[in-house]
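# Chains, contacts and geometry: an overview
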Amino acid sequence: MRCEIITIFPSIFDAYLSESILKRAVEKGIVEFKVHQLRDYSVDKHRTVDDYPYGGGPGMVMKPEPFFRAVKSIKAEGTETFTLMMSPQGRPFDQEMALELSKEKRRLLFLCGRYEAIDERVRDSLVDREVSIGDYVLTGGELPALVIIDSIVRLLPGALGDEYSAKEESFSWGILDYPHYTRPPEFEGMKVPDLLLSGNHKEILLWRRKEALRRTLLRRPELIQRALLTDEDYRILSEIKEEER
Ligand code: SAH
């Protein structure tokens, strides 16, 4: 997979992309990153990328020309490209979109905004998808791009290694993950559930499924409506409802 980013703060990416799983994914050749400085595509000697908003009001707006020049020059390499613009007004990002994007054969190009907004014409003619990482406003699109990149890369085959699987965690079945424990078996009076020490794998699987369903029901009941559940899950859910009464 190839991810390219357009930003006025490339060093934000250098730090995060050169640690841990993302760094290893690059070393293993699973993903490639290229970060472009938007100012390199500005049209004046001051490397200006923003200007006052038409119609007045507070804040500055990112000029269209640098984005158009940057995207044009990146696309001129010929590789097919899917362009994502980071924006609080975009489609809400979730695990399903992460999975979809992780299968994308085209190069992903992330446009990061700053200031009040990016000139609307960028969205109208350069962007394939406007994406929001949540209903709050950040100062820039760099963290959203990293959030999306991080969640995509860990889904790429080989990125996480054998010791860890992305298959059994929160949202992979549309519900939350089950509770996890490690040694010691007792810590400050708090014990690990006996069943997990029993070695009975069938029972453990069942316990995990039940506890995953329990926390989803109690913490995020709206996820239950959308989750792909079996008849057995519905049976377990009614058991949980009894127990929680
Ligand atoms: N005035 C805009 C917010 C601008 S925030 C509005 O009200 O919609 C500046 C930049 O930060 C945006 O251009 C976008 O790239 C990024 N950004 C802020 N919050 C974001 C979010 N929740 N998801 C994705 N990008 C976000």
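Preceding this section is the structure that the text describes.
Residues numbered from 1 in each chain as written. Predicted model: local features only at pLDDT ≥ 70, side-chain atom pairs only at ≥ 80, totals over all residues. Heavy atoms only, no water.

Buried residues dominate strand β6 (residues 107-111), accounting for five of its five residues. Of the two faces of β6, the one carrying Arg-107, Leu-109 and Leu-111 and the one carrying Leu-108 and Phe-110 are both buried. Of the pairings in the sheet, the one linking strand β1 (residues 2-7) to β6 comprises four bridges and is parallel in character. The residue of β6 that forms the bridge with Cys-3 is Leu-108. As judged from the five bridges shared by strand β5 (residues 81-92) and β6, these two strands associate in the parallel manner. Bridged to Leu-84 within β6 is Phe-110. The β-α-β motif built from β5, the intervening helix α4 (residues 95-102) and the parallel element β6 has right-handed crossover chirality. (Buried < 20%, exposed > 50% of the residue type's maximum accessible area, 1.4 Å probe, protein only. Helix = DSSP H or I, 4+ residues; strand = E, 2+ residues; numbered from the N terminus. Pairing = 2+ DSSP bridges. Right-handed = clockwise from strand over helix to strand, strands pointing away.)

All right, on to the sheet that holds strand β7 (residues 117-118) then. Strand pairing in a sheet takes place through backbone hydrogen bonds and is either antiparallel or parallel in direction. If you walk across this open sheet you meet the three strands as β3-β4-β7, and the pairing is mixed. With one partner strand each, in any of the chains shown, β3 (50-51) and β7 form the two edges of the open sheet. Note: strand β4 (residues 61-62) against β7, two bridges, orientation parallel. Bridging across to β7, Met-62 finds its partner in Ile-118.

Treat this as a map of the structure, not an account of what it does.
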